[in-house]
Amino acid sequence: MVVVVVAVVALTPLRRVFDQIRLSLPWIGELEREIAVNRFFRVMSLLYGVGNIRVEVMIRTAAKTVTNREAHSDFLKAATAIENKATIAE
């Protein structure tokens, strides 16, 4: 029964809701957010060090390392904004 519940949450659109709930929890959410940001910026730093890669490509590649789908979509919003000629600050 537990395996079925885990499979339903992991393999369906319910995962996004579950990820959003996990991010809203007081201690677990903060920890998961910090882990996601750390992974993202470590990969982003590595890609920046390699050089000659467009910023939105670096963001999309670094976002693939984030397992929380809600955080992943937040990072992808930045890549989409840059592709639409928005500045990095925006």
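Thresholds, definitions, all that
- Residues numbered from 1 in each chain as written.
- Predicted model: local features only at pLDDT ≥ 70, side-chain atom pairs only at ≥ 80, totals over all residues.
- Heavy atoms only, no water.
- Helix = DSSP H or I, 4+ residues; strand = E, 2+ residues; numbered from the N terminus.
- Buried < 20%, exposed > 50% of the residue type's maximum accessible area, 1.4 Å probe, protein only.
- Contact = heavy atoms within 4.5 Å.
- Areas by Shrake-Rupley, 256 points an atom, 1.4 Å probe, with all protein chains shown as cover.
- Lys, Arg positive; Asp, Glu negative; His and termini not counted.
- Charge placed at Lys NZ, Arg CZ, Asp CG, Glu CD.
- Expected span 1.5 Å × (residues − 1).
- Core = buried A, V, L, I, M, F, W, Y, C linked by side-chain atoms within 4.5 Å.
- pLDDT = per-residue confidence, 0-100.

Details of the overall build of the protein
Next up, step 1: Scanning the protein from N- to C-terminus turns up five helices and zero strands.
Next up, step 2: Taken from N to C terminus, the helices and strands of the protein fall in the order α-α-α-α-α.
Next up, step 3: Seen along its three principal axes, the alpha-carbon backbone of the protein occupies a region of about 50 × 25 × 20 Å.
Next up, step 4: Burial analysis of the protein (90 residues in total) assigns 23% to the buried set.
Next up, step 5: When contacts within the protein are restricted to residue pairs at least 6 apart in sequence, long-range pairs at least 24 apart make up 42% of them.
Next up, step 6: As presented, the protein carries roughly 6,800 Å² of accessible surface, and 66% of it is formed by carbon and sulfur atoms.
Next up, step 7: In the protein, which carries 12 positive and 9 negative side-chain charges, the distance between the mean positions of the two groups comes to 6 Å.

Quick look at helix α3 (residues 26-50)
One turn of an α-helix holds 3.6 residues; hence residues three or four places apart share an orientation.
Next up, step 1: For α3, spanning 25 residues, the distance from its first C-alpha to its last is 37 Å, which sits close to the expected 36 Å at 1.5 Å a residue.
Next up, step 2: Gly 51 lies just past α3 and shows a positive phi near 85 degrees.

As for the nonpolar core
Next up, step 1: The biggest cluster of nonpolar side chains holds 13 residues, and the ones touching the most others in it are Phe 40, Met 44, Ile 59, Val 66 and Phe 75.
Next up, step 2: At the level of secondary structure, the elements contributing two or more residues to this core comprise α3, α4 (55-63) and α5 (69-83).
Next up, step 3: Residues contacting Val 66, with those up to four places away along its chain left out, are Ala 36, Phe 40, Ala 71, His 72 and Phe 75.

What to know about the confidence of the model for the protein
Next up, step 1: Across the protein, pLDDT averages 85, with 97% of residues at or above 70.
Next up, step 2: For the protein, the element scoring lowest by mean pLDDT is helix α1 (residues 2-11), at 73; α3 scores highest, at 91.

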